[in-house]
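# Overview (structure and organization)
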Amino acid sequence: MPKPVIVSLKSISRSFGSVRAVDNVSLEIFAGEFITLLGPSGSGKTTVLRMIAGFEKPDSGSIFISDKDVSQLAPYDRDVNTVFQDYALFPHMDVVTNIEYGLRVKGIEKSERRTRALHALEQVRLSGFENRKPSQLSGGQRQRVALARALVNRPSVLLLDEPLGALDLKLREQMQFELKELQRAVGITFIFVTHDQEEALTMSDRIAVFNQGKIEQLGTPAEIYSAPQTAFVSEFVGQINKMDMDGARINVRPEHITTSKNAHNLGRSVNGVVRDIIFAGAITRYLIDTDKGFSLISTKALDALNVGDPVTASWEREREFHVQK
Amino acid sequence: MIDQISDSLHKRPRLRLTALLSAPLLWLVVAYLGALATLLISAFFTIDSFTGNIVQQFTLTNFADMFTDAAYRNVVLRTLGIAIAVTLMCTVLAIPMAFYMAKVAKPRTRKLLVALVLTPLWASYLVKIYSWRSMLEPRTGVVDWLLGPIGIHSPGFGITAVIIGLTYLWLPYMILPLFAGMERLPNNLLDASGDLGAHNWYTFRKVIFPLLFPSLVAGSMFTFSLSLGDYITTQIIGGKLQMLGSVVYQNFSINLPFAATISFIPVTIMGIYLYLVRRSGALENM
């Protein structure tokens, strides 16, 4: 049974001056999924999100939310809520007033408002902070308040615009996990924008990779990572070695290259010398200068290697991505 | 030589501070507070009605005169009313203007508008008021000539003309702080409010206005205090209208102590105003 579509983008485009920020993008988003719009800055992902929210209007094409054409509707007439990149909390209101804002606009009666706001605060594990001002909170706490302020309205779609960008690494990893948990618990569709491919791979049910205003590839994290369809996707998502061999450009991920002092061949191999060994905790990266004139990184060594050792690097042919130059 | 000076200054932080602040402090104490003190003291002196000389003897007669004469009470209330009206008019005109400049206009238009707001400040006060005089001149003025055919007539010289003139004069002092405040207001707060379901008017009342309040207070301190002390505009386009400033001005040459007593009133009003502003907490966010 196909999942119901909740947001549908039909050939939307948007230009800023002479720059075509979003170029004829079509995308169907299913109810209850966690979808990530991934891409470098300027790739159009944020503009797509802002068009779904209603802050920007498409020059052409249309946007449907729950089968209703909302292309020309103002943000306040759309059943979506946004978590902003720098939180956008109202600085003159305390935490609970911030969270109640959307409910107050809708004219929901005071006691229910308070109950729902406190419940939302509990969901983001910030109970007891209701009377703080945003300026008295840490970045991670503001993030949670922003999340609660959006979720309390029970939107059918939650839009998240690089919400973890300003947090430090540890906190970001923890929030990634919590966000995913929260999404499962509330069952709301999450549309998440990020430029961080690791974040996208960790959290998403599906990823749409954006480049120059277009979707390069749409698929599950596993598909995006293991079977990139374009050179851009293979290079943007995960680490990759870009090699010019036999007149073609071949991309291979570091973990698929096996390095050994002994000659071996899994399908294709090159000889070279270990230039550097970079220890990075769980993995070790071996930087190898090959005799074909390029360098590559391998994370799989069969022997104990030292800098200066002559080695053979080899990989299976099915691990190669062939890229049109 | 210069090295030695900077070395010795580096070792003596107190000397450094003295060098930094002596000139402005001297100015503040002598020229500003000194003059104010002299003014306030002379308010308690009186004048010999026969010779016209100032009698340097402490007396409260000036204050008694001021509080008992209903004419002065009327002048105070009228001046206060004018200052409030001017401040309100400036606010109503400046908010949309500042909003347009900060949030709607493209960067090039924005620069042009800032320049346009500033330009009148370079022109002489007198020139501007005299041009309003020729605008508002009954029958022969520009307003009557231009708008008379569609039934709009100049209010003539009087309180309305003074409010118009002062609003015109002080409007830039309201637009500029509001513009600065509006520029500091992050766009995404407006987006967030709309996203949470608020229409524009609701966003204005609950988000824009409260965050802009400190700027509004800053602007109003100019429009209010400048209106409170004005005496030239009243003379030129006010007809027979008397404001506090003009009463001070008229008494200045004939009864200096009494003029000083009258000038107590705007100083006191501004003091109360600043106290209220402080209590509202608006200055804490500036």
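The shown structure was predicted, so the numbers you read here are calculated from the model rather than taken from an experiment. (Residues numbered from 1 in each chain as written. Chains lettered and ligands numbered in written order. Predicted model: local features only at pLDDT ≥ 70, side-chain atom pairs only at ≥ 80, totals over all residues.)

The helix and strand tally for chain B stands at 13 helices and two strands. For 286 residues, the compact-globule formula gives about 19 Å, and the C-alpha radius of gyration of chain B, at 24 Å, lies well above that figure. Seen through its principal axes, chain B has C-alpha atoms that stretch 75 × 75 × 40 Å. Across the 286 residues of chain B, 31% fall into the buried class. Taking contacts inside chain B between residues at least 6 apart in sequence as the whole, the part at least 24 apart equals 68%. (Helix = DSSP H or I, 4+ residues; strand = E, 2+ residues; numbered from the N terminus. Rg over C-alpha atoms; globule rule 2.2 N^0.38 Å. Buried ≥ 20, exposed ≤ 12 C-beta atoms within 10 Å, placed from the backbone. Contact = placed C-beta atoms within 7 Å.)

Here the focus is the overall build of chain A. Counting its secondary structure elements, chain A contains eight helices and 19 strands. Projected onto its principal axes, the C-alpha coordinates of chain A cover approximately 75 × 45 × 45 Å. Taken across its 325 residues, chain A has 40% of its residues classed as buried. Put simply, of all contacts in chain A between residues at least 6 apart along the chain, 63% involve residues at least 24 apart.

Moving on to the domain arrangement of chain A. As far as domains go, chain A holds domain 1 (5-232) and domain 2 (239-323). When each unit is reduced to the centre of its C-alpha atoms, the spacing between domain 1 of chain A and domain 2 of chain A is 39 Å. (Domains from an automatic or database assignment.)

All names here are of chain A. Even without a glycine there, the phi angle at alanine 88 is positive, about 55°. Relative to the elements of secondary structure, alanine 88 occurs in the loop between strand S6 (80-83) and helix H2 (95-105). Residue class for alanine 88 comes out buried when judged on the 24 C-beta atoms lying within 10 Å of it. For glutamate 162, which is not glycine, the phi dihedral falls at a positive 40°. Take glutamate 162: it is sitting in the loop between strand S7 (157-161) and helix H5 (169-186). Owing to 20 C-beta atoms within 10 Å, glutamate 162 belongs among the buried residues under this scheme.

Before going further, it helps to spend a moment on the packing of helix H3 (residues 61-68) of chain B against helix H13 (residues 256-280) of chain B. Residue and element names in this part refer to chain B. Where H3 contacts H13, the axes come no closer than 9 Å and their chain directions differ by 60°. Here H3 is positioned oblique relative to H13, judged by the angle of their axes. Handedness of the H3/H13 crossing: right-handed. Only Pro257, Phe258, Thr261 and Ile262 of H13 make contact with H3, whose side of the interface consists of Asn62, Phe63 and Met66. Partitioning the contact of H3 with H13 into residue classes produces five nonpolar, two polar and no charged. (Axes fitted to C-alpha atoms, helices over the stretch in contact; angles between N-to-C directions. Parallel < 35°, antiparallel > 145°, perpendicular 65-115°, else oblique. Left-handed = near helix turned anticlockwise from the far one by under 90°. Nonpolar A, V, L, I, M, F, W, Y, C, P; charged D, E, K, R; others polar.)

Before going further, it helps to spend a moment on the sheet that holds strand S16 (residues 295-298) of chain A. Residue and element names in this part refer to chain A. Ordered by their spatial adjacency, six strands build an open sheet running S16-S15-S14-S18-S13-S17, and the pairing between neighbours is mixed. What marks the edges here is a single partner per strand, and that holds for S16 and strand S17 (300-301). In the sheet, strand S14 (residues 268-280) pairs with strand S18 (residues 310-315) via six bridges, with the strands oriented antiparallel. Bridging from a neighbouring strand, valine 273 pairs with proline 310 of S18. (Pairing = 2+ DSSP bridges.)

All names here are of chain A. Ordered by their spatial adjacency, six strands build an open sheet running S6-S7-S8-S3-S9-S10, and the pairing between neighbours is mixed. Since the sheet does not close on itself, it has two edges, and those belong to S6 and strand S10 (214-219), each with one partner. In this sheet, adjacent strand axes meet at a mean angle of 20° when their direction is disregarded. As judged from the five bridges shared by strand S3 (residues 34-38) and strand S8 (residues 189-194), these two strands associate in the parallel manner. When the bridges of S8 are listed, leucine 37 appears paired with valine 193.

What follows covers the packing of helix H6 (residues 125-136) of chain B against helix H8 (residues 159-184) of chain B. Residue and element names in this part refer to chain B. Running from amino to carboxyl end, H6 crosses H8 at an angle of 140°, the nearest separation of the two axes being 11 Å. Taken together, the axes of H6 and H8 are oblique relative to one another. Seen from above, H6 lies across H8 with right-handed handedness. Contact residues: H6 offers Lys128, Ile129, Trp132 and Leu136, while H8 offers Ala161, Gly165, Tyr168 and Leu169. Residue composition of the contact of H6 with H8, grouped by class: six nonpolar, one polar and one charged.

Our next topic: the nonpolar core. The biggest cluster of nonpolar side chains holds 126 residues, and the ones touching the most others in it are Ile52, Ala148, Ile191 and Val209 of chain A together with Leu178 of chain B. If one sorts the elements of this core by residue count, H8 of chain B sits on top with 16 residues. Among residues more than four places away in sequence, those in contact with isoleucine 52 of chain A are Val7, Ile63, Val80, Leu159 and Ile191 of chain A. Core analysis: the next-biggest nonpolar cluster, separate from the first, contains 12 residues, Val252, Ile257, Ile288 and Leu296 of chain A among them. (Core = buried A, V, L, I, M, F, W, Y, C linked by C-beta atoms within 7 Å.)

All names here are of chain B. Look at H8: 37 Å from first C-alpha to last across 26 residues, which is about the 38 Å you get at 1.5 Å a residue. Of all the bends in H8, the greatest reaches close to 45° and is centred on tryptophan 170; the proline proline 172 follows between one and four positions later. Of all the 26 residues making up H8, 21 are buried; the element is thus mostly covered by neighbouring parts of the structure. (Expected span 1.5 Å × (residues − 1). Bend = angle between axes of the 7 residues up to and from the residue.)

Each partner contributes to the interface: chain B provides 15 residues, whereas chain A provides 17 residues. Per-element accounting of the side of chain B that touches chain A gives the leading share, six residues, to helix H9 (residues 187-195) of chain B. Across the side of chain B that touches chain A, the residue classes break down as nine nonpolar, four polar and two charged.

Now for the pairing of S18 of chain A. Note that strand S13 (residues 258-260) of chain A and S18 of chain A share three bridges and pair antiparallel. Looking at the pairing, serine 260 of chain A lines up with threonine 312 of chain A of S18 of chain A.

All names here are of chain A. For strand S1 (residues 5-16) and strand S2 (residues 19-30), the ladder comprises eight bridges, and the chain directions are antiparallel. For arginine 14, the partnering residue across the bridge sits in S2 and is valine 22. Hairpin connection between S1 and S2: a loop of two residues separates the two successive antiparallel strands, and glycine 17 in this loop has a positive phi of roughly 60°.

Here we take up the environment of methionine 51 of chain A. All names here are of chain A. Turning to its location among the elements, methionine 51 is positioned in helix H1 (residues 45-53). A count of 25 C-beta atoms within 10 Å places methionine 51 in the buried class. Separated by 257 residues in the primary sequence, methionine 51 and glycine 308 have C-alpha atoms spaced 54 Å apart. Not counting residues within four places of it along the chain, the set of residues in contact with methionine 51 comprises Ile12, Arg14, Glu56, Lys57, Pro58 and Ile63.

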